[in-house]
Amino acid sequence: VNALTIDSANVYWADNGGIKAVAKTGGVITVLTPHSPGYESSIYVDANHLYGVGYDYFSGYHSINKMSLAGGEVIPLVVEENNYNGYVFAIDSTNVYFASSSYYSNDNVSKISKSGGSITTVSYAPEGVNRLKVDDTNVYWINGNRDVLYQSPK
């Protein structure tokens, strides 16, 4: 299993066989998609969608994707070549927050609406981003060296 998340009723996970779900009480495993777009390193669930981070080894692109809880089409929200930290992202009620960097700029905490659109930089992230969480008003992250905690308004 590469990633795991839960909601009030189900357990969801990503592995080499795709993204799957099972009721917390047990039962039949449902395959929501038989393949994940690359290696799913993190997944989160909200009331309507699963969000996952993937890396496509063939194209070299990282992506943050969403999919209906019923399964089906995987929709890329963010697709970037070699400048997205594909293991660090968090969601709130309206946005997906993620760590991004570029060969030509500094590391950042960025966001995109859950429905897609433009990427917005939330904050500069000195020394990268290792972990990322959000609450109602702020974004929190631990730097790449794992020794400093940062906070920024969303």
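Please refer to the structure placed before this passage.
Residues numbered from 1 in each chain as written. Predicted model: local features only at pLDDT ≥ 70, side-chain atom pairs only at ≥ 80, totals over all residues. Heavy atoms only, no water.

Caption draft 1: Up close: the nonpolar core. Membership of the largest hydrophobic core is limited to 12 residues, which are Val-88, Ala-90, Tyr-97, Ala-99, Val-109, Val-122, Ala-125, Val-129, Leu-132, Val-134, Val-139 and Trp-141. When contributions to this core are tallied by element, the ones reaching two or more residues are strand S9 (84–91), strand S10 (95–102), strand S13 (131–134) and strand S14 (138–142). When sequence neighbours within four positions are dropped, the list of residues in contact with Tyr-97 reads Val-88, Phe-89, Ala-90, Asp-92, Ser-110, Lys-111, Val-122, Leu-132, Val-134, Val-139 and Lys-154. (Core = buried A, V, L, I, M, F, W, Y, C linked by side-chain atoms within 4.5 Å. Buried < 20%, exposed > 50% of the residue type's maximum accessible area, 1.4 Å probe, protein only. Helix = DSSP H or I, 4+ residues; strand = E, 2+ residues; numbered from the N terminus. Contact = heavy atoms within 4.5 Å.)

Caption draft 2: Quick peek at the side chain of Ser-152. Mapped onto the fold, Ser-152 is located in strand S15 (residues 149–153). Since its relative accessible area comes to 7%, Ser-152 is described here as buried. In this structure, Ser-152 is in contact with Val-122, Ser-123, Thr-137, Asn-138, Val-139 and Trp-141, ignoring residues within four places of it in sequence.

Caption draft 3: Focus on the side chain of Lys-111. Mapped onto the fold, Lys-111 is located in strand S11 (residues 105–113). Buried and unpaired, Lys-111 has Asp-92 as its nearest opposite-charge partner, separated by 7.2 Å. A polar atom in the side chain of Lys-111 sits 3.1 Å from the backbone oxygen of Lys-154. Discounting chain neighbours no more than four positions away, the residues touching Lys-111 are Asn-95, Val-96, Tyr-97, Phe-98, Ser-118, Ile-119, Thr-120, Val-122 and Lys-154. (Lys, Arg positive; Asp, Glu negative; His and termini not counted. Salt bridge = Lys/Arg side-chain N within 4 Å of Asp/Glu carboxyl O. Polar contact = N/O pair within 3.5 Å; in protein donor to acceptor, adjacent residues only side chain to side chain.)

Caption draft 4: Layout of the sheet that holds S15. Ordered by their spatial adjacency, three strands build an open sheet running S13-S14-S15, and the pairing between neighbours is antiparallel. In this open sheet, the two strands that pair with only one neighbour each are S13 and S15. Along the sheet, successive strands turn relative to each other by an average axial angle of 20 degrees, direction set aside. (Pairing = 2+ DSSP bridges. Axes fitted to C-alpha atoms, helices over the stretch in contact; angles between N-to-C directions.)

Caption draft 5: The arrangement of the sheet that holds strand S3 (residues 18–23) in detail. Across the sheet, which stays open at both edges, the four strands sit in the order S1-S2-S3-S4 with antiparallel pairing between neighbours. Of all the strands in the sheet, the pair left with one neighbour each is strand S1 (3–6) and strand S4 (30–33). Looking at each pair of strands side by side, their axes are set apart by 25 degrees on average, direction ignored. Sheet analysis places S3 next to S4, joined by three bridges and oriented antiparallel. Residue pairing in the sheet places Ala-21 in a bridge with Thr-30 of S4.

Caption draft 6: Inspection of the pattern of salt bridges at higher detail. On inspection of all chains with the given rule, the structure shows three salt bridges. A salt bridge links Asp-15 to Lys-20; the shortest N-O distance between them is 3.3 Å. Pair check on accessibility: Asp-15 and Lys-20 agree, each one buried. In this structure, Lys-154 engages Asp-92 in a salt bridge whose closest nitrogen and oxygen atoms are separated by 2.6 Å.

Caption draft 7: Geometry of the environment of Asp-92. Within the secondary structure, Asp-92 is located in the loop between S9 and S10. Sequence-distant contacts of Asp-92, that is, excluding residues within four places in its chain, are made with Tyr-97, Lys-114, Val-134 and Lys-154. A polar contact is formed between the side chain of Asp-92 and the backbone nitrogen of Thr-94, at a distance of 2.9 Å.

Caption draft 8: Highlighting the environment of Ala-47. Relative to the helices and strands, Ala-47 resides in the loop between strand S5 (43–45) and strand S6 (49–56). The class for Ala-47 is exposed, based on a relative accessible area of 67%. Taking C-alpha positions, Ala-47 is 8.1 Å from Asp-7, a pair spaced 40 residues apart along the chain.

Caption draft 9: Up close: the pairing of S3. Of all the six residues making up S3, five are buried; the element is thus mostly covered by neighbouring parts of the structure. Note: strand S2 (residues 10–15) against S3, six bridges, orientation antiparallel. Bridge pairing in S3 links Tyr-12 to Ala-21. Between S2 and S3, which pair antiparallel in sequence order, lie two residues. Linkage of S3 to S4, two consecutive antiparallel strands, is achieved through a turn of six residues, within which Gly-26 is found at a positive phi near 95 degrees.

No statement about biological role is implied by the geometric values presented.
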